[in-house]
Amino acid sequence: MYAVNEGVEWMILSNGQVWQAYHMTAGLPVVVDLALEVDLLSDTGLAAKTDALFYLTKEAFKRRLIDDLWRARAATSPKSLAQVLLSDVVADAIRKELRRQTNYNADVSEIHRILRGEVLRPETLV
């Protein structure tokens, strides 16, 4: 709540072992997304940890590199990918490919229904 009240865009939390960077998008409701997490005691290689921690340096913040990281993670998040998969363009491409492979001409609404009900996880459809 402190970050929301102060109107900051980035929040960094750490207990010394785990470092987390959160991006806050103002609005109603406020959206807080985990952009980066580094566990210094994990089995991940030293180079990967170092590369990730670089985003928390003064130089990286000056060059807004963490913004690029957050945009990339937001663009490829399960929710974003689910929205793309459920778009009319992709559903039509799926319909055409199904027809090419199986000679069955599925309806786009049927494809949407199957994607929503059986293929995608419910939490990605929110």
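That block above? That's the structure.
Quantities reported herein were computed from a predicted structural model and do not represent experimental measurements.

Calculation criteria
- Residue positions within a chain follow its written sequence, with the count starting from 1.
- Predicted model: local features are reported for residues with pLDDT of at least 70 only, side-chain atom pairs are reported and counted for 80 or more only, and whole-chain, interface and lining totals are derived from all residues.
- Think of the side-chain values as coming from all heavy atoms in the structure, minus any hydrogens and water.
- We treat two strands as partners when DSSP finds at least two bridges between them.
- Secondary structure counts use DSSP, requiring at least four H or I residues in a row for a helix and at least two E residues in a row for a strand, with both numbered from the N terminus.
- Angles shown run from 0 to 180 degrees and are taken between the N-to-C directions of axes, each axis being a line fitted to C-alpha atoms and, for helices, limited to the stretch in contact.
- By definition, residues are in contact when any of their heavy atoms lie within 4.5 Å.
- Roughly parallel refers to an angle under 35 degrees, roughly antiparallel to one over 145, roughly perpendicular to one between 65 and 115, and oblique to any angle outside these ranges.
- When residues are grouped by polarity, Ala, Val, Leu, Ile, Met, Phe, Trp, Tyr, Cys and Pro land in nonpolar, Asp, Glu, Lys and Arg in charged, and all others, Gly among them, in polar.

Enquirer: Explanation requested: the sheet that holds strand S1 (residues 10-14) in the structure shown.
Expert: Paired through their backbone hydrogen bonds, the strands of a sheet run either parallel or antiparallel. Reading across from one edge, S1-S2-S3 is the order of the three strands in this open sheet, with antiparallel pairing throughout. On the outer flanks of this sheet lie S1 and strand S3 (31-39), each paired with one strand and no other. Sheet twist, expressed as the mean angle between neighbouring strand axes with direction ignored, is 20 degrees. The pairing of S1 with strand S2 (residues 18-25) spans five bridges and is antiparallel. Of the residues in S2, the one forming a bridge with Met11 is Tyr22. Across the sheet, helix H2 (residues 46-54) lies against S2 and S3, angled at about 140 degrees from S3, the strand it touches most. Sheet strands in contact with helix H4 (residues 65-75) are S1, S2 and S3, and its direction is about 110 degrees off that of S3.

Enquirer: How do you make sense of the packing of helix H6 (residues 88-102) against helix H7 (residues 108-119) when you look at a structure like this?
Expert: Between two packed helices, what matters for the description is the angle formed by their axes and the separation of those axes. The interhelical angle for the contact between H6 and H7, taken along N-to-C directions, is 105 degrees, at an axis separation of 9 Å. As far as their axial angle goes, H7 and H6 are roughly perpendicular. Along the contact surface, H6 presents Asp88, Ala91, Asp92, Ile94, Arg95 and Leu98, while H7 presents Val108, Ile111, His112 and Leu115. Partitioned by chemical class, the residues of the contact of H6 with H7 number six nonpolar, one polar and three charged.

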